[in-house]
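Now for the letters of each chain:
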Amino acid sequence: MTTDANGLAVDVRGLRKQYGDVTAVDGIDLEIRRGEVFGLLGPNGAGKTTTVEILQGNRDRDGGEVSVLGADPASATRAWRSKVGIVWQDESAPAELTVRETVRHFARYYPRPRDPEQVIGLVGLGAKADSRIKGLSGGQRRRLDVALGVIGDPELLLLDEPTTGFDPAARRRFWELIRTLADEGTTILLTTHYLEEAEELADRLAVVAKGRVVAEGTAAALRDRFGSEAIVEWTEADGRPRRERTGTPTRTVTELAGRFDEIPGLRISRPTLEDVYLRLTGQENAR
Ligand code: ATP
């Protein structure tokens, strides 16, 4: 299995991981193309973090084939590591150093780092460059983590729940950062609980539940494929609201048009990606 020959940054076949009695990953297949932003979506305990850790070379697997940038992460070399950007959570940076000192320090680990000042600006920490890490807010800390993940100018960036704990404004700024990196050609894999985030950012996404991929494609394709039913709502002549779930909304509306000049309160809606997601992950009754 060679990833580079077929334009894939990540090629995973039949990945399996067991923690004692718990099957965390139960035969996952993934193909991520070079230059793509790929979203791994799923509820708590679906196996997302385990999968990302295996791709990073930080966790052993029990089965399956994994190729990341043309190599098996289980036998990763230093050169391979310098091409894969990992965003660590929290503990990697010493609290007494400033943002600038930290980013410069990490740049020295890489053969061809990005310019530290440019990276600080990219993550929106220009005004905080001389602040000590211990004085940063949670969202600023997370952006510093991302700065450290991209300072080596990685070909592939692996982000595990990058915006958990962000306020909405910080999340939007972060999305802009991801788009900028993607425009510059970085391949990005991100895991998220947020459908909105996956829809905003990901060229394609895979929905994972109980260690398996239950659906894969663009957000629009998933909605079309799994959410083909429409909901037709209208108000009856006696004033009662009616609601019908149907695979043939045109037929329903045509029938109604035969009974009304103008159909009162007519509304036709398609399932949102969230409806589709909840159905796929078996949480349909969660709403
Ligand atoms: P979340 O969204 O909550 O982060 P996830 O999709 O990332 O979840 P994982 O963290 O990969 O899921 O966990 C998958 C399963 O494996 C869960 O049942 C979890 O409890 C279990 N698990 C994860 N890490 C370990 C570990 N180190 N030891 C034992 N069990 C683990």
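Preceding this paragraph is the structure being described.
Here we summarise the structure given alongside this text.

The rules behind each value
Residues numbered from 1 in each chain as written. Predicted model: local features only at pLDDT ≥ 70, side-chain atom pairs only at ≥ 80, totals over all residues. Heavy atoms only, no water. Near = heavy atom within 4 Å. Polar contact = N/O pair within 3.5 Å; in protein donor to acceptor, adjacent residues only side chain to side chain. Helix = DSSP H or I, 4+ residues; strand = E, 2+ residues; numbered from the N terminus. Nonpolar A, V, L, I, M, F, W, Y, C, P; charged D, E, K, R; others polar. Phe/Tyr/Trp six-rings, centres within 6.5 Å; stacked < 30°, edge-to-face > 60°. Buried < 20%, exposed > 50% of the residue type's maximum accessible area, 1.4 Å probe, protein only. Lys NZ or Arg CZ within 6 Å of the ring centre and 35° of its normal. Axes fitted to C-alpha atoms, helices over the stretch in contact; angles between N-to-C directions. Parallel < 35°, antiparallel > 145°, perpendicular 65-115°, else oblique. Left-handed = near helix turned anticlockwise from the far one by under 90°. Contact = heavy atoms within 4.5 Å. Pairing = 2+ DSSP bridges. Salt bridge = Lys/Arg side-chain N within 4 Å of Asp/Glu carboxyl O.

Some details on the site of the ligand
Piece 1. Taken together, 14 residues lie near the ligand, and Asn 44, Gly 45, Lys 48, Thr 49 and Thr 50 sit nearest.
Piece 2. One of the side-chain nitrogen or oxygen atoms of Lys 48 is found 2.7 Å away from an oxygen atom of the ligand.
Piece 3. At 2.6 Å, a side-chain N or O of Thr 50 approaches an oxygen atom of the ligand.
Piece 4. Going through the elements one at a time, β2 (22-33) and α1 (48-56) are the ones with two or more residues in the shell around the ligand.
Piece 5. Here the element with the most residues in the shell around the ligand is α1; it accounts for three residues.
Piece 6. Considering only residue class, the shell around the ligand consists of five nonpolar, six polar and three charged.

A look at the packing of aromatic side chains
Piece 1. Within this structure, the stated rule accounts for one aromatic pair.
Piece 2. A ring pair is formed by Phe 106 and Tyr 109, whose centres lie 5.6 Å apart and whose planes are at 85°; its orientation type is edge-to-face.
Piece 3. A relative accessible area of 48% means that Tyr 109 is categorised as partly exposed.
Piece 4. Note that Arg 171 overlies the ring of Tyr 194, its terminal NZ or CZ placed 3.9 Å from the centroid.

Brief notes about the packing of helix α3 (residues 99-107) against helix α5 (residues 138-150)
Piece 1. Across the interface, α3 lies against α5 with an axial gap of 9 Å and an inter-helix angle of 25°. Relative to α5, α3 is oriented roughly parallel. Both α3 and α5 take part in a crossing whose hand is right-handed. Contact with α3, carried on its side by Val 99, Thr 102, Val 103 and Phe 106, involves Leu 144, Ala 147 and Leu 148 of α5 and no other residues of that element.
Piece 2. Here the contact of α3 with α5 is composed, by residue class, of six nonpolar, one polar and no charged.

Here's the deal with the packing of helix α8 (residues 219-226) against helix α10 (residues 273-280)
Piece 1. For the pair α8 and α10, the least separation of the axes is 9 Å and the interaxial angle reads 65°. Taken together, the axes of α8 and α10 are roughly perpendicular relative to one another. Of the two elements, α8 crosses α10, and the hand of that crossing is left-handed. When α8 is examined against α10, the residues Ala 219, Leu 222, Arg 223 and Phe 226 are found in contact with a partner set consisting of Leu 273, Val 276, Arg 279 and Leu 280.
Piece 2. Considering only residue class, the contact of α8 with α10 consists of six nonpolar, no polar and two charged.

Here's the deal with the sheet that holds strand β3 (residues 37-41)
Piece 1. Strands sit in the order β5-β6-β7-β3-β8-β9 across an open sheet of six strands; the sheet is mixed. Both outer strands of the open sheet, β5 (84-86) and β9 (212-217), are each paired with one neighbouring strand and no more. On average, each strand axis in the sheet is tilted by 20° relative to the strand beside it, whichever way the strands run.
Piece 2. As paired strands, β5 and strand β6 (residues 156-160) are joined by three bridges and run parallel to one another. Looking at β6, one finds that Ile 86 is bridged to Leu 158.
Piece 3. Along the sheet, α1 makes contact with β3, β5, β6 and β7 (187-192), crossing β7 at roughly 155°.
Piece 4. Each of β8 (204-209) and β9 is contacted by α8, which is oriented at about 105° to β9, the strand it contacts most.

Overview of the side chain of Asp 26
Piece 1. Within the element layout of this structure, Asp 26 appears in strand β2.
Piece 2. Assessed through its relative accessible area of 18%, Asp 26 is described here as buried.
Piece 3. Among all residues touching Asp 26, those that are not within four sequence positions of it are Leu 15, Arg 16, Lys 210, Gly 211 and Arg 212.

As for the pattern of salt bridges
Piece 1. Under the defined criterion, the tally for this structure stands at 29 salt bridges.
Piece 2. Across the pair Arg 59 and Glu 53 runs a salt bridge whose closest N-O atoms are separated by 2.5 Å.
Piece 3. The closest approach of N and O atoms between Lys 134 and Glu 96, which form a salt bridge, is 3.1 Å. In this pair, Lys 134 sits in the loop between α4 (116-122) and α5 while Glu 96 sits in the loop between β5 and α3, placing the two residues 38 residues apart along the sequence.

Examining unusual backbone geometry
Piece 1. Positive phi is not limited to glycine here, since Leu 69 has a value of about 50°.
Piece 2. With respect to the helices and strands, the residue Leu 69 is situated in the loop between β4 (63-68) and α2 (78-81).
Piece 3. Using a relative accessible area of 4% as the deciding quantity, one classes Leu 69 as buried.
Piece 4. Positive phi, normally seen in glycine, also occurs at Lys 210, with a value near 50°.
Piece 5. Take Lys 210: it is sitting in the loop between β8 and β9.

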